[in-house]
Amino acid sequence: MDLHKRNISGFTLVELLIVIGIVAVLIAILLPALSRANRQAQQIACQSNVRQVCLAAQMYAQEQKVYVGYLSGPSPKDRKELLYPYLKQGRSNADVAVNAVWHCVSNRFPETQTGYGFNMHLNFQKLTKIRKWSETVAVVDSGRLDNGQPTLITHCFPPSRPTATNAVRPEPRHHNSTVNVGFVDGHVEVHKMTPPFYPSATWTGNGVTDPNHPDYKDHIWDLK
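Residues numbered from 1 in each chain as written. Predicted model: local features only at pLDDT ≥ 70, side-chain atom pairs only at ≥ 80, totals over all residues. Heavy atoms only, no water.

*Asks:* Looking at this model, I keep getting lost on the pairing of strand β5 (residues 178-183). Mind explaining?
*Replies:* Two faces make up the sheet, and in a regular strand the side chains alternate between them. The buried fraction of β5 amounts to six of the six residues, a majority that puts the element mostly inside the structure. The side-chain alternation of β5 yields two buried faces, one formed by T178, N180 and G182 and the other by V179, V181 and F183. Two strands pair when backbone bridges link them, and β5 and strand β6 (residues 188-192) are joined in this way by five bridges, in the antiparallel orientation. Looking across to β6, one finds that V179 is bridged to H191. In this structure, the hairpin formed by β5 and β6 is closed by a connection of four residues, where G186 is found at a positive phi of approximately 105 degrees. (Buried < 20%, exposed > 50% of the residue type's maximum accessible area, 1.4 Å probe, protein only. Helix = DSSP H or I, 4+ residues; strand = E, 2+ residues; numbered from the N terminus. Pairing = 2+ DSSP bridges.)

Right, here's the structure in full:
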């Protein structure tokens with residue numbers, strides 16, 4: 001066989017450009033889907049965390065006869081420390097391990113922003129004072145003050161708390177700006193910052209504290 005007469009086939013420049021174009025189109029199609037799937041996976045992992053924290057708070061409440069709260073004073077104790085015997089994670093607010101149940105996987109600032117905050121209305125309240133457990137907010141994605149500053153304190157204030165106090169609000173850090181919400185009974189729901197969960201991420205409160213008033217906003221955050 002005459003090697004010099006052999007036909008050598010290969011890609012032409014046009015064909016190569018076509019292949020590159022097809023690959024680019026496929027990447028453009030797949031990347032948003034992969035990104036969306038990643039965000040959904042993060043939200044599911046966060047929901048699992050919230051559920052575990054809620055169940056630990058239930059166990060604490062059953063033993064102590066009051067819901068877990070924040071102890072202020074000369075020797076303050078936050079909920080992380082009080083729930084450590086049940087979760088075996090988070091000895092204090094300074095414990096920000098990213099593989100811990102207290103860390104929201106969508107939280108990009110674990111050292112300056114807590115993963116989850118507790119409904120302040122439940123602070124050391126007797127269980128008999130809590131309205132329907134399945135309809136009362138317990139734990140939410142949280143961690144940022146009204147003034148934009150970060151915080152590691154596991155607080156979350158209801159909508160009517162005025163912004164002048166630098167109250168801590170829910171942090172909608174998940175897909176479509178949603179928040180994972182754990183209720184006292186332990187079940188978890190996904191909510192946007194809209195009623196009935198919360199009027200808005202920037203709502204500053206209307207000063208209405210009477211639960212019978214038509215403008216009262218806190219009905220799933222309150223006691224009986």
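*Asks:* Which parts of the structure should I look at to understand the nonpolar core?
*Replies:* When a protein is soluble and globular, its nonpolar side chains tend to lie buried together. V53, Y67, V68, L83, F118 and V139 are the most contacted members of the largest nonpolar core, which has 25 residues in total. Mapped by element, the contributors of at least two residues to this core are α1 (13-64), α2 (79-87), β1 (116-119) and β2 (137-145). Ranked by residues supplied to this core, first place goes to α1 with eight residues. Look past the residues within four positions of V68 in its chain and what remains in contact with it is A57, Y60, R79, L82, L83, F118, L122, N123 and F124. One finds V140, C156, F197 and Y198 within the second-largest nonpolar core, a separate group that totals 11 residues. (Core = buried A, V, L, I, M, F, W, Y, C linked by side-chain atoms within 4.5 Å. Contact = heavy atoms within 4.5 Å.)

*Asks:* Honestly, the environment of H155 in this entry has me stumped. Any pointers?
*Replies:* Within the secondary structure, H155 is located in strand β3 (residues 155-156). We classify H155 as buried; its relative accessible area is 10%. As a C-alpha pair, H155 and V140 span 15 residues in sequence and 9.4 Å in three-dimensional space.

*Asks:* Got a minute to help me understand the pattern of salt bridges in this structure?
*Replies:* Should the charged atoms of two oppositely charged side chains come close, the side chains can pair. Overall, the coordinates contain four salt bridges when judged by the stated rule. Residue D78 is joined to R79 by a salt bridge in which the shortest nitrogen-to-oxygen separation is 3.0 Å. One exposure class covers both D78 and R79, and it is buried. Put simply, R144 and E171 hold a salt bridge, and the shortest N to O gap is 3.3 Å. Of this pair, R144 sits in strand β2 while E171 is found in the loop between β4 (168-170) and β5, placing the two residues 27 residues apart along the sequence. Exposure remark for R144: the relative accessible area of 26% places this residue in the partly exposed category. (Salt bridge = Lys/Arg side-chain N within 4 Å of Asp/Glu carboxyl O.)

Shape is all these values report; function is a separate question.
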